[in-house]
Amino acid sequence: MIDNNQIIPVRPTPLNDYPGPLKLLWMLRKDLLSIWPTSAYQEEFFGGPVMNQHMYVANSPATVEHVLVKNNDNYERKSPYMRKALEPLLGDGLFVSDGALWRERRRLEQPAFHPSHFQTYGNIMADVVADTCDRWKKEHIDKEVMILPEMAWLTAEIISQSMFDYPLGLNKAKQIVEGFADFQASVEQFDLSAFFGWPKWLPNMPQRRRVSHNAGKIHVIVEDIIAMGNAGKLRNNTLLSQLLAVQDSESSITRMSSEQIRNEAVVILMAGHETTANSLAWAIYLISQYPHVEEKLLEELKIVLNGRPARYEDISSLKYTRAIFEEAMRLYPPVPVLSRVALEEETICDRNVPKDSIMLVIPWLLHRHELLWHKPNHFIPERFMDGWPHKHDKYAYVPFSAGPRFCLGAAFGLMEATICLASIMQNFSLSMSPRFTPGYECRLTLRPSNGLPMVIKKRE
Ligand code: HEM
């Protein structure tokens, strides 16, 4: 840590070349980030047959725009691996569905994300993070705390109150977070049986049982919430009330079974808490490594907040706070791989892409692409501020995906992260636990490893 500008936050060292196919498949099961050679951080479009499956990576703004936006019709379907990994938990929920079903569900859920609700959501965010800060002041000062689960409890509470009007409380929040963590741990990063098209019953029986068991733990809690909604005990005008309103619909297109309602509620809980929690944890880790960033952040918090809690009205002024979070999502995109299947054959960059090929957009690679970013592996929040001279291309930065499947909760997540980060950093200074070497875990999402233990001190 001699020169602040020279520190490179944790990442795998790129390989000199691709590993052979068998080693590659083995590595894929464990970690999707460490398999890439230096060339993958420089190329525009690459891939080809891997064993019996064609796989391509769109790795430039133009090819990403082509796949996710301009020719999205050909790539609207998530890859079979992604669908298979998430199916036990989400069924046909919005995150994995496609075609008419996806369009109908997206139309149904969209109103909950209308800006007219943001004042209400902002108040919930401010209140919930204030509770977390109070608890830390009572229980954790000068102690080592696992930051990742703390952030996940915080964001699970916020999403449940905002979308369902259901206060989880710490115990249920912990159960949900643990349930999702267990589920992710039981899902293989890269399912070999799906890759080779093996029948479902062949090699993965115990693993599949574990996956179903872990999904069941989350379903039980969500079913309780839905029962409260059905009993009229939760506020109307929430995402849950919108879902419940169509359960008895006359039309077979809009009618939803109780299982489908549960699936959608699980999508919102899952997509709505883990990604933001991971990025908040990464942002806190990064701030702890860069004192000059922390100093600049505190200056902004002093000018904008001067000691009072952050609120909805402060969002537009907390520009540097938000830039830190955006830069954390660039370096550690919470959804590091977006995978689709090609419905029809086509040509991209003079390469033939056969029907049924897997098409990947890998924010992890794109966000660190050497031709698209100035000092791609460095933490420089100023990239996201006005006046930065090396502006990035719109489709070089896709933490929320792009095109029709753009994250439904992107604006919600950005507001939530800004309010939470401002409130936490204003109250506490956090430093890495001396016995801990930071690392990452990459499964369906990308998070800091081992819960990110940090020591919390109260700011004077
Ligand atoms: C930092 C925070 C977040 C990040 C980085 C993030 C990222 C993403 C990404 C990359 C996708 C698309 C995945 C794909 O195309 O394969 C997505 C979809 C989605 N996200 Fe988020 N998300 C965040 C927060 C949220 C929040 C707070 C909510 C809900 C309140 C949410 C709800 C959704 C939903 C429902 C989808 C599926 C949309 C569709 O397929 O139509 N996300 N998110």
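Residues numbered from 1 in each chain as written. Predicted model: local features only at pLDDT ≥ 70, side-chain atom pairs only at ≥ 80, totals over all residues.

1. Examining the pairing of strand E11 (residues 453-458)
Pairing analysis gives 3 bridges linking strand E3 (residues 144-146) to E11, with the strands arranged antiparallel. Bridge pairing in E11 links Met146 to Pro453. (Pairing = 2+ DSSP bridges. Helix = DSSP H or I, 4+ residues; strand = E, 2+ residues; numbered from the N terminus.)

2. Looking at the site of the ligand
For the ligand, the set of nearby residues contains 25 residues, the closest of which are Gly272, Thr275, Cys407, Gly409 and Gly413. The dominant element in the shell around the ligand, judged by the number of residues it contributes, is helix H11 (residues 258-289), at 7 residues. Classifying every residue of the shell around the ligand by side-chain character gives 15 nonpolar, 7 polar and 3 charged. (Near = placed C-beta within 6 Å. Nonpolar A, V, L, I, M, F, W, Y, C, P; charged D, E, K, R; others polar.)

3. Overview of the packing of helix H13 (residues 319-331) against helix H15 (residues 410-427)
Where H13 meets H15, the axes come as close as 9 Å, and the angle between the chain directions of the two elements is 115 degrees. Classed by the angle they form, the pair H13 and H15 counts as roughly perpendicular. At the point where H13 passes H15, the crossing takes the right-handed sense. Across from Thr321, Arg322, Ile324 and Phe325 in H13, the residues of H15 making contact are Leu414, Ala417, Thr418, Leu421 and Ala422. (Axes fitted to C-alpha atoms, helices over the stretch in contact; angles between N-to-C directions. Parallel < 35°, antiparallel > 145°, perpendicular 65-115°, else oblique. Left-handed = near helix turned anticlockwise from the far one by under 90°. Contact = placed C-beta atoms within 7 Å.)

4. Some words on the pairing of strand E2 (residues 53-58)
Sheet topology places strand E1 (residues 45-50) next to E2; 6 bridges connect them, and they run antiparallel. Across the sheet, Val50 pairs through a bridge with Gln53, a residue of E2. In this structure, the hairpin formed by E1 and E2 is closed by a connection of 2 residues, where Met51 is found at a positive phi of approximately 55 degrees. As paired strands, E2 and strand E7 (residues 358-361) are joined by 4 bridges and run parallel to one another. Looking at E7, one finds that Met55 is bridged to Ile358.

5. Describing the sheet that holds E2
Taking strand neighbours across the sheet as the criterion, the 4 strands line up as E1-E2-E7-E4 in an open arrangement whose pairing is mixed. Both edges of this open sheet fall to E1 and strand E4 (338-341), since each of them pairs with a single strand only. The sheet shows a mean angle of 20 degrees between the axes of neighbouring strands, taken without regard to direction.

6. Here we look at the sheet that holds strand E8 (residues 428-432)
Strands sit in the order E3-E11-E8 across an open sheet of 3 strands; the sheet is antiparallel. Here the strands that pair on one side only, and so sit at the sheet edges, are E3 and E8. Going across the sheet, the axis of each strand differs from the next one's by a mean of 45 degrees, ignoring polarity.

7. Points about the environment of Thr120
The topology assignment puts Thr120 in helix H5 (residues 118-139). C-alpha of Thr120 to C-alpha of Trp36: the two residues are 84 residues apart in sequence and 43 Å apart in space.

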